[in-house]
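Structural features, examined
Letter by letter, the chains look like this.
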Amino acid sequence: MNWLNSEAFTLLHQRIIWSDMIGNILGLITLALGWRRSLLTWPVQFLSGLVLFIAFYGHLAGSAGKQVVVMVVALYGWWQWNRDKGRSGDGHIVPRFATWRERGAMLAAAAVGTVAVALLFKAFPSLSWDPWPDAYIFVGTIVAMYAQARGMVEFWIAWLLVDVVGVPLNFANGYAFSGFVYVIYGALVLWGMRDWWLRSRQGSRPALEGAPA
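Rules and cut-offs
Residues numbered from 1 in each chain as written. Predicted model: local features only at pLDDT ≥ 70, side-chain atom pairs only at ≥ 80, totals over all residues. Heavy atoms only, no water. Salt bridge = Lys/Arg side-chain N within 4 Å of Asp/Glu carboxyl O. Buried < 20%, exposed > 50% of the residue type's maximum accessible area, 1.4 Å probe, protein only. Helix = DSSP H or I, 4+ residues; strand = E, 2+ residues; numbered from the N terminus. Phe/Tyr/Trp six-rings, centres within 6.5 Å; stacked < 30°, edge-to-face > 60°. Lys NZ or Arg CZ within 6 Å of the ring centre and 35° of its normal. 1 Å grid on protein atoms, 1.4 Å probe; cavity = no way out; pocket = protein on both sides within 12 Å on 5 of 7 lines; lining within 4 Å. Points joined across faces, edges and corners; volume = space filled by probe spheres on them. Nonpolar A, V, L, I, M, F, W, Y, C, P; charged D, E, K, R; others polar. Core = buried A, V, L, I, M, F, W, Y, C linked by side-chain atoms within 4.5 Å. Contact = heavy atoms within 4.5 Å. Patch = residues over 30% accessible without salt bridge, like charges linked within 9 Å, V, L, I, M, F, W, Y side chains within 5 Å. Areas by Shrake-Rupley, 256 points an atom, 1.4 Å probe, with all protein chains shown as cover. Expected span 1.5 Å × (residues − 1).

Side note on the pattern of salt bridges
The full count for this structure, using the stated rule, is three salt bridges. Among the ionic pairs, Arg96 bridges to Glu102, the shortest N-O distance being 3.0 Å. Overall, Glu102 belongs to the partly exposed group, its relative accessible area being 22%. The closest approach of N and O atoms between Asp195 and Arg199, which form a salt bridge, is 3.0 Å. Taken together, the residues span about one helical turn, with Asp195 and Arg199 both in helix α7 (residues 176-204) at a distance of four residues.

Next comes the structure, spelled out in structure tokens:
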């Protein structure tokens, strides 16, 4: 598996590593499948986390650990979507907006989690060379995936907030392909958010009597 950590090519004077490239291409596929509300988004997310774990392992222990959590949440998301996929009538989940209580809980979890993980990274410097941004991305990713698993439109906003920090951090860490991919993520997130927002409005409208489902 050593070839996964070797250089694939150079782009704009940045070294592109095979595992970094493959993992993030899978990440893009995951986002596209999430946009389409396909159950396959979760197995692909799990595989992306596995490849990125290999990319970060031995270099950035904190980022490698994040991928382990990502894989666990991907399993939860697959289970949750399997439960909810029949509610829309088309075999997919029904997007919805989070309640204010859910939003408050996620914001509180993100804030407390970021502080706790950052302090952990500071206590063990080998886990991350830049504790606060790395903790922000780590916790933000988990919150976004949880919201996605619950079918919340807000998960797109959470991904967008992760991208804001993720792009410069990945370039700084030498994972240029991750940085480029995060830029593309931003565009996909905006389109996906619009689609889920429209579907959530359609899903909340009562069906007219006698109208086809």
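Focus on the packing of aromatic side chains
The final tally for this structure, using the stated rule, is eight aromatic pairs. Here the aromatic rings of Tyr76 and Trp79 are separated by 6.0 Å at their centres, their planes lie at 40 degrees, and the arrangement is tilted. Linking Tyr76 with Trp79, this pair stays in helix α3 (residues 61-84), spanning three residues, or about one helical turn. By relative accessible area, which is 26% here, Tyr76 ends up partly exposed. Ring pairs connect the aromatic residues Trp42, Trp81, Phe155, Trp156 and Trp196, which therefore count as one cluster. Directly above the ring of Trp100 sits Arg103, whose terminal nitrogen or CZ lies 4.5 Å from the centroid.

Observations concerning the layout of surface pockets
Taken as a whole, the largest pocket holds about 340 Å³ of empty space. In terms of lining residues, the largest pocket is bounded by 15 residues, among which Leu107, Ala110, Val143, Ala158 and Leu161 are the most central. Looking at the lining of the largest pocket, the elements with two or more residues in it are α4 (100-123), α5 (131-149) and α6 (154-172). No other element matches the six residues that α6 contributes to the lining of the largest pocket. Tallied by class, residues from the lining of the largest pocket come to eleven nonpolar, two polar and two charged.

Section: the nonpolar core
One finds Met145, Trp159 and Trp196 to be the most contacted residues of the largest nonpolar core, which totals 37 residues. Contributing elements (two or more residues each) for this core: α1 (18-35), α3, α4, α5, α6 and α7. If one sorts the elements of this core by residue count, α5 sits on top with nine residues. If sequence neighbours within four positions are ignored, Trp196 has contacts with Gly34, Trp35, Arg37, Trp81, Ile93, Pro95, Gln148, Gly151, Met152, Val153, Phe155 and Trp156.

Observations regarding a nonpolar patch on the surface
Together, Phe46, Leu47, Leu50 and Leu75 give the surface a local cluster of nonpolar side chains, amounting to about 330 Å² of exposed area. With three residues, the top contributor of residues to the nonpolar patch is helix α2 (residues 41-56). Within the secondary structure layout, Leu47 lies in helix α2. Note on Leu47: relative accessible area 40%, which makes it partly exposed.

Regarding α1
One turn of the α-helix equals 3.6 residues, which is why residues spaced by three or four share an orientation. Here α1 spans 26 Å end to end across 18 residues, near enough to the 26 Å set by a 1.5 Å rise per residue. Residues of α1 that are buried: Ser19, Asp20, Met21, Gly23, Asn24, Leu26, Gly27, Leu28, Thr30, Leu31, Leu33 and Gly34. Among the residues trailing α1, Arg37 stands out with phi positive, at a value near 60 degrees.

A short note on unusual backbone geometry
If you check the backbone angles, Arg37 has positive phi at about 60 degrees while not being a glycine. Inspection of the secondary structure assignment puts Arg37 in the loop between α1 and α2.

Digging into the environment of Pro133
With respect to the helices and strands, the residue Pro133 is situated in helix α5. Take Pro133: its relative accessible area is 23%, and that puts it in the partly exposed class. The spatial distance from the C-alpha of Pro133 to the C-alpha of Pro168 is 9.8 Å, given a sequence separation of 35 residues. Each residue touching Pro133, except ones within four places of it in the same chain, is listed here: Val165 and Leu169.

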